[in-house]
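Here is what each chain is made of, one letter per residue.
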Amino acid sequence: MNPFSHIDLRVNNLEENLPFYEGFLTALGFIQTFHSDKWKVFAANGNLPSVAYFAITEDPLHKPNGNLVGFWVENRDEVDKLATLIKEIGGKITSGPQQFPISPTYYAVYFEDPCGNQYEIVHRLN
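Summary of the structure given here. Here the residue index of a chain counts from 1 through its sequence in written order. Confidence filtering applies because this is a predicted model: local features only for residues at pLDDT of at least 70, side-chain atom pairs given and counted only at 80 or more, and all residues used for totals across whole chains, interfaces and linings. Water and hydrogen atoms were dropped before computing side-chain values, which therefore reflect all heavy atoms in the structure.

As for the sheet that holds strand β6 (residues 92-99)
Alright, step 1. Each pair of strands is called paired provided DSSP finds at least two bridges between the two strands. Runs of H or I in DSSP of at least four residues are treated as helices and runs of E of at least two as strands, each being numbered from the N terminus. Read from one edge to the other, the open sheet built from four strands follows the order β5-β8-β7-β6, with strand pairing classed as mixed. Since the sheet does not close on itself, it has two edges, and those belong to β5 (68-72) and β6, each with one partner. Across this sheet, the average inter-strand angle for adjacent strands is 15°, counted without regard to direction.
Alright, step 2. Examined bridge by bridge, strand β7 (residues 107-112) and strand β8 (residues 118-123) share six bridges and lie antiparallel to one another. A fitted line through C-alpha atoms represents every axis, and for helices the fit uses only the stretch in contact; the resulting angles, taken between N-to-C directions, go from 0 to 180 degrees.

Here is the structure:
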């Protein structure tokens, strides 16, 4: 059992950030949407509430902080492919994609969304 349920994310401007998340979360497999006026919800395949989902809402006073959300993918090619997509849809690569000295199999890209929230996509075997 994976105990992960969801992430509630704040952005300072939903209209400016939504295109980034539509492209990025869909590419990660969050293919179902359950949107309302205040929340944009992207869920993995399955039934809520037992499936992982990502919920985004606007808070004009939101300021990015030191939190980082990490995603694991199956191989290095997928890290590279997503890094290219992130640049195309308005994200900012801050490091990588590259091998990091965290472990012999740690290959990752670190990036920010258009609002400045921090993320990592990683492939590692240990």
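Comments concerning the side chain of Glu 120
Alright, step 1. Inspection of the secondary structure assignment puts Glu 120 in strand β8.
Alright, step 2. Whether two residues are in contact is decided by their heavy atoms: any pair within 4.5 Å suffices. If near-sequence neighbours (up to four positions away) are discounted, Glu 120 is found in contact with Leu 68, Val 69, Gly 70, Phe 71, Tyr 106, Ala 108, Val 109, Tyr 110 and Phe 111.

A closer look at the packing of helix α1 (residues 14-28) against helix α2 (residues 76-88)
Alright, step 1. For the pair α1 and α2, interaxial distance at closest approach is 10 Å and the crossing angle is 170°. In terms of axis orientation, α1 runs roughly antiparallel to α2. Considering how the two elements wind past one another, α1 and α2 form a crossing that is right-handed. Residues Phe 20, Gly 23, Phe 24, Ala 27 and Leu 28 of α1 lie in contact with α2, whose contacting residues are Leu 82, Leu 85 and Ile 86.
Alright, step 2. Gly is put with the polar residues, along with every residue not named as nonpolar or charged; the nonpolar set is Ala, Val, Leu, Ile, Met, Phe, Trp, Tyr, Cys and Pro, and the charged set is Asp, Glu, Lys and Arg. For the contact of α1 with α2, a count of residues per class yields seven nonpolar, one polar and no charged. Just so you know how the angles are binned, under 35 degrees is roughly parallel, over 145 roughly antiparallel, 65 to 115 roughly perpendicular, and the rest oblique. Crossing handedness follows the turn of the near helix against the far one: under a right angle anticlockwise gives a left-handed crossing, and clockwise gives a right-handed one.

Observations regarding the packing of aromatic side chains
Alright, step 1. Two aromatic rings, drawn from Phe, Tyr or Trp (for Trp, its six-membered ring), form a pair once their centres lie within 6.5 Å of each other, and the interplanar angle then sorts them: stacked below 30 degrees, edge-to-face above 60, tilted otherwise. For the structure shown, the criterion picks out 16 aromatic pairs.
Alright, step 2. When the ring of Phe 20 is compared with that of Phe 24, the centres are 5.7 Å apart and the planes differ by 25°; the resulting orientation is stacked. Here Phe 24 and Phe 20 lie together in helix α1, a separation of four residues that amounts to about one turn. Side by side, Phe 20 and Phe 24 carry an identical accessibility label, which is buried.
Alright, step 3. On the numbers, 6.4 Å between centres and 90° between planes, the contact of Phe 100 with Tyr 106 is edge-to-face. Here's how the labels work: a residue is buried when its accessible area is under 20% of the maximum for its type, exposed when over 50%, partly exposed in between, all with a 1.4 Å probe on protein chains only.

Thoughts on the nonpolar core
Alright, step 1. To qualify as a nonpolar core, a set must consist of buried Ala, Val, Leu, Ile, Met, Phe, Trp, Tyr and Cys residues joined through side-chain atoms within 4.5 Å. Counting 28 residues, the largest nonpolar core has Tyr 21, Phe 54, Ile 56 and Ile 121 as its most contacted members.
Alright, step 2. Listing elements by their share of this core, those giving two or more residues are β1 (6-11), α1, β4 (53-58), β5, α2, β7 and β8.
Alright, step 3. Residues in contact with Ile 121, not counting those within four places in the same chain, are Phe 24, Phe 71, Val 73, Val 79, Leu 82, Ile 86, Tyr 107, Ala 108, Val 109 and Phe 111.
Alright, step 4. Of all hydrophobic cores here, the second largest spans six residues; its members include Ala 43, Ala 44, Val 51 and Ala 55.

Some words on the environment of Tyr 21
Alright, step 1. With respect to the helices and strands, the residue Tyr 21 is situated in helix α1.
Alright, step 2. Considered as a pair, Tyr 21 and Lys 40 are 19 residues apart in the sequence and their alpha carbons are 9.5 Å apart.
Alright, step 3. When sequence neighbours within four positions are dropped, the list of residues in contact with Tyr 21 reads Leu 9, Val 11, Thr 26, Phe 42, Phe 54, Ile 56, Asp 113, Asn 117 and Tyr 119.

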